[in-house]
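Breakdown of the fold
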Amino acid sequence: MSSGDKTASTFRKPVKFVSPKTVALYGTLTALTAAITMATFVPFAPTKGYFNIGDSMVFFSALAFGARAGAICGGIGSAAADILLGSGYFAPYTLVAKGSEGLVSGLIAGKKMDRKWITAFGIAAGGACMVATYFFGELLILNVGLGAALLESVGNALQVVVGGTIGALLAHYVRKAYPRLTEQ
Amino acid sequence: MTGFIDLYTEADTFIHRMDPRVKIVAVILLSLVAFLLTNLAYLSILLGLIMLLVYLSRATFSRTMFALKFVLRLMALIIVLWPLFDRSGTPVLASLGPLKITEPAIWRGLTSAVRVGCLATVWYILMFTTSQRDLVRALVKFGLRFDYGLTLAISLRFFPTFLSTIESITDAQRARGMEIEKGNLLKRSRNYVTVLVPAIVSALRTADTLSLALQSRAYGARPDRTYLREIKMRPSDYVALSVIIASLVLPAIARFVFSADI
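This text gives an overview of the structure that appears in the document.

Some points on the overall build of chain B
- Broken down by element type, chain B carries 10 helices and two strands.
- Start at the N end of chain B and walk to the C end: the helices and strands fall as α-α-α-α-β-β-α-α-α-α-α-α.
- Scaling as 2.2 N^0.38, a compact globule of 262 residues should have a C-alpha radius of gyration of about 18 Å, whereas chain B reaches 24 Å, well beyond that.
- A principal-axis box enclosing the C-alpha atoms of chain B has dimensions of 70 × 60 × 30 Å.
- Each of the 262 residues in chain B was classed as buried or not, and the buried ones make up 45%.
- The long-range share in chain B, meaning contacts at least 24 apart out of those at least 6 apart in sequence, stands at 72%.
- Put simply, chain B shows about 14200 Å² of open surface, and 65% of that area lies on carbon and sulfur atoms.
- Charge centroids of chain B, computed over 30 positive and 17 negative side chains, lie 2 Å from each other.

Quick look at the structure:
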């Protein structure tokens, strides 16, 4: 694509649209986040009602494709899964919690999969954002009481540990199995 | 697997025919009403009203029960746990060491449970009566950029596809002798890596093909795109909208202007 050609530029994609590659990638990653959350659903945490490894996809998106992918795919995908699994009232909190989780871990550790300590720190910081958002959202806005909110935080922290481990492993293995990943 | 791929139920009620934008606004405003009310009796009336709307949306019994299952469990948990952590007020009904249960705490727990119940069930009116396609359309009409709307539509479209992909990969790995349900929670979760890696690679391949398909259909060629089906506000939608707005504004005036105890 030459930049100076005027006749060609009328047919070219205007700059204001997101590229089709990004639209397709983000769309599928969001769907995959929701699907994995739903497929690995284990009824566990009392308030929200389930434990899942959907966090691993949030971390995977953030680590492999950067902060923007982590925030968008993690936030929207997890919120959609919440709605479909029957806890729709949690969707707004999930959007913020998982979105910030993906954003923060992507900002710190995005696309730096070779450095283990940065990856671990990014996952921990992102996970802390998620647990804190849920805790304060439940305590201050939903007002479920301190007991229920604390109980939920324990489940969330466990979810971060499990999801973070798997997410980091996924980023590593998928890059081995599908080397084109690094080109995107 | 628990849950539904799509909560939408096909029917022809007045809620189904309503403009999706009005329904989205209604859900937000009714949630605000739930935060506005502090009296248990009025909150119960609101909960009853929401349940009536859920009933009028003609959702099947199994769907309604599925929706209520989590809500009822959460409400029960709040009612039980609230008095244990809230020790203020008199009279004290029972005490055991540092633990004491007071009467006002029980009422506060009950109020909070009913409020959470309202917030939780009001969603289902929207989800039961609006197709995913209409939801995305309404969001685009609200000013969500078209390309973001398309991303959302793609993800909703591929969600059931990936769900079945994950299931068949799980079956394939089981056939090779992997035991997913074995071990403790951490071990079991790590077993899922063998399922997730093929699933992600297959999803990324889909994304590649999809981007080619988008390009071949001249995605983003013209900024002034047109739509096959436009959503329009009908007179009945304006009536519904004004009723919903009144149901927020009237209690708000009663509380903040006349400082009534609601």
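Things to note about the pattern of salt bridges
- Under the criterion given, the structure shown has seven salt bridges over all chains.
- Here Lys98 of chain A ties to Asp55 of chain A by a salt bridge, and the two come within 3.5 Å at their closest N and O atoms. Placement of the pair is Lys98 of chain A in helix α5 (residues 91-109) and Asp55 of chain A in helix α3 (residues 54-65), with a sequence separation of 43 residues.
- On the accessibility criterion, Asp55 of chain A (0% relative accessible area) is buried.
- The salt bridge partner of Arg174 of chain B is Asp171 of chain B, with a shortest N-O separation of 3.7 Å. Separated by three residues within a single helix, Arg174 of chain B and Asp171 of chain B lie in helix α7 (residues 146-175), roughly one turn from each other.

So, the pairing of strand β1 (residues 92-96) of chain B
Residues and elements named next belong to chain B.
- Counting buried positions along β1 yields zero of five residues, so the element is predominantly exposed.
- When β1 meets strand β2 (residues 99-102), the two strands line up antiparallel, connected through four bridges. In the sheet register, Ser95 faces β2, and the bridge partner there is Lys100.

Some thoughts on a nonpolar patch on the surface
- Together, Ile245, Val249, Leu250, Ile253, Phe256, Val257 and Phe258 of chain B make up an exposed nonpolar region whose accessible area comes to about 700 Å².
- Judged by relative accessible area, Val249 of chain B falls into the partly exposed class, the value being 36%.

A short note on the nonpolar core
- Formed by 123 residues in total, the largest nonpolar core has its most connected members in Phe60 and Tyr89 of chain A.
- Here this core gets 13 residues from one element, more than from any other, and that element is helix α5 (residues 103-129) of chain B.
- In this structure, this core is formed jointly by two domains, domain 1 (14-130 + 232-256) and domain 2 (145-216) of chain B, each of which donates at least three residues.

Observations regarding the interface of chain A and chain B
- Residue-level contacts link 66 residues of chain A with 67 residues of chain B.
- Broken down residue by residue, the surface that chain A buries against chain B is led by Phe17, Leu84 and Tyr89 of chain A, which jointly contribute 12%.
- For the interface between chain A and chain B, the tally reads zero salt bridges.
- Across the chain A-chain B interface, the total number found is zero residue pairs in polar contact (both at pLDDT 80 or more).
- Of all the secondary structure elements, the ones that give two or more residues to the side of chain A that touches chain B are α2 (20-39), α3, α4 (67-85), α5, α6 (116-142) and α7 (146-177) of chain A.
- Examining the composition of the side of chain A that touches chain B, we find that 16 residues originate from one element, α2 of chain A, more than from any other.

Details of the packing of α6 of chain A against α7 of chain A
All names here are of chain A.
- Axis separation between α6 and α7 bottoms out at 9 Å; the angle between their running directions is 155°. Considering the angle they form, α6 stands roughly antiparallel to α7. Crossing of α6 against α7: the hand is right-handed. Between α6, through Thr119, Ile123, Gly127, Met130, Val131, Tyr134, Phe135, Glu138 and Leu139, and α7, the contact on the second element is made entirely by Leu146, Ala148, Ala149, Leu150, Glu152, Ser153, Asn156, Ala157, Val160, Gly164 and Ala168.

Points about unusual backbone geometry
All names here are of chain B.
- With a phi close to 55°, Ala218 is a non-glycine residue in the positive phi region.
- Residue placement: Ala218 occurs in the loop between α9 (193-216) and α10 (235-256).
- With relative accessibility at 46%, the residue Ala218 sits in the partly exposed group.

Looking at the packing of aromatic side chains
- By the definition in use, this model includes six aromatic pairs over all chains.
- Summarising the aromatic geometry, the rings of Phe90 of chain A and Tyr93 of chain A are spaced 6.1 Å apart at their centres and angled 70° between planes, so their arrangement reads as edge-to-face. Assigned by exposure class, Phe90 of chain A and Tyr93 of chain A land together as buried.
- Measuring from centroid to centroid gives 5.3 Å for Phe135 of chain A and Phe136 of chain A, while their planes differ by 80°, and the two rings are edge-to-face.
- Judged by its relative accessible area of 16%, Phe135 of chain A falls in the buried class.
- Given the relative accessible area of 46%, Phe136 of chain A is considered partly exposed.
- What links up through ring pairs into an aromatic cluster is the set Phe90, Tyr93 and Tyr134 of chain A.
- Positioned above the aromatic ring of Tyr148 of chain B is the side chain of Arg145 of chain B, whose terminal nitrogen or guanidinium carbon lies 4.9 Å from the ring centre.
- Here Arg157 of chain B stacks its cationic end above the ring of Phe158 of chain B, 4.8 Å away from the centre of that ring.

Reading the values: rules and limits
- Residues numbered from 1 in each chain as written.
- Chains lettered and ligands numbered in written order.
- Predicted model: local features only at pLDDT ≥ 70, side-chain atom pairs only at ≥ 80, totals over all residues.
- Heavy atoms only, no water.
- Helix = DSSP H or I, 4+ residues; strand = E, 2+ residues; numbered from the N terminus.
- Rg over C-alpha atoms; globule rule 2.2 N^0.38 Å.
- Buried < 20%, exposed > 50% of the residue type's maximum accessible area, 1.4 Å probe, protein only.
- Contact = heavy atoms within 4.5 Å.
- Areas by Shrake-Rupley, 256 points an atom, 1.4 Å probe, with all protein chains shown as cover.
- Lys, Arg positive; Asp, Glu negative; His and termini not counted.
- Charge placed at Lys NZ, Arg CZ, Asp CG, Glu CD.
- Salt bridge = Lys/Arg side-chain N within 4 Å of Asp/Glu carboxyl O.
- Pairing = 2+ DSSP bridges.
- Patch = residues over 30% accessible without salt bridge, like charges linked within 9 Å, V, L, I, M, F, W, Y side chains within 5 Å.
- Core = buried A, V, L, I, M, F, W, Y, C linked by side-chain atoms within 4.5 Å.
- Domains from an automatic or database assignment.
- Buried area = accessible area lost by both parts, 1.4 Å probe.
- Polar contact = N/O pair within 3.5 Å; in protein donor to acceptor, adjacent residues only side chain to side chain.
- Axes fitted to C-alpha atoms, helices over the stretch in contact; angles between N-to-C directions.
- Parallel < 35°, antiparallel > 145°, perpendicular 65-115°, else oblique.
- Left-handed = near helix turned anticlockwise from the far one by under 90°.
- Phe/Tyr/Trp six-rings, centres within 6.5 Å; stacked < 30°, edge-to-face > 60°.
- Lys NZ or Arg CZ within 6 Å of the ring centre and 35° of its normal.

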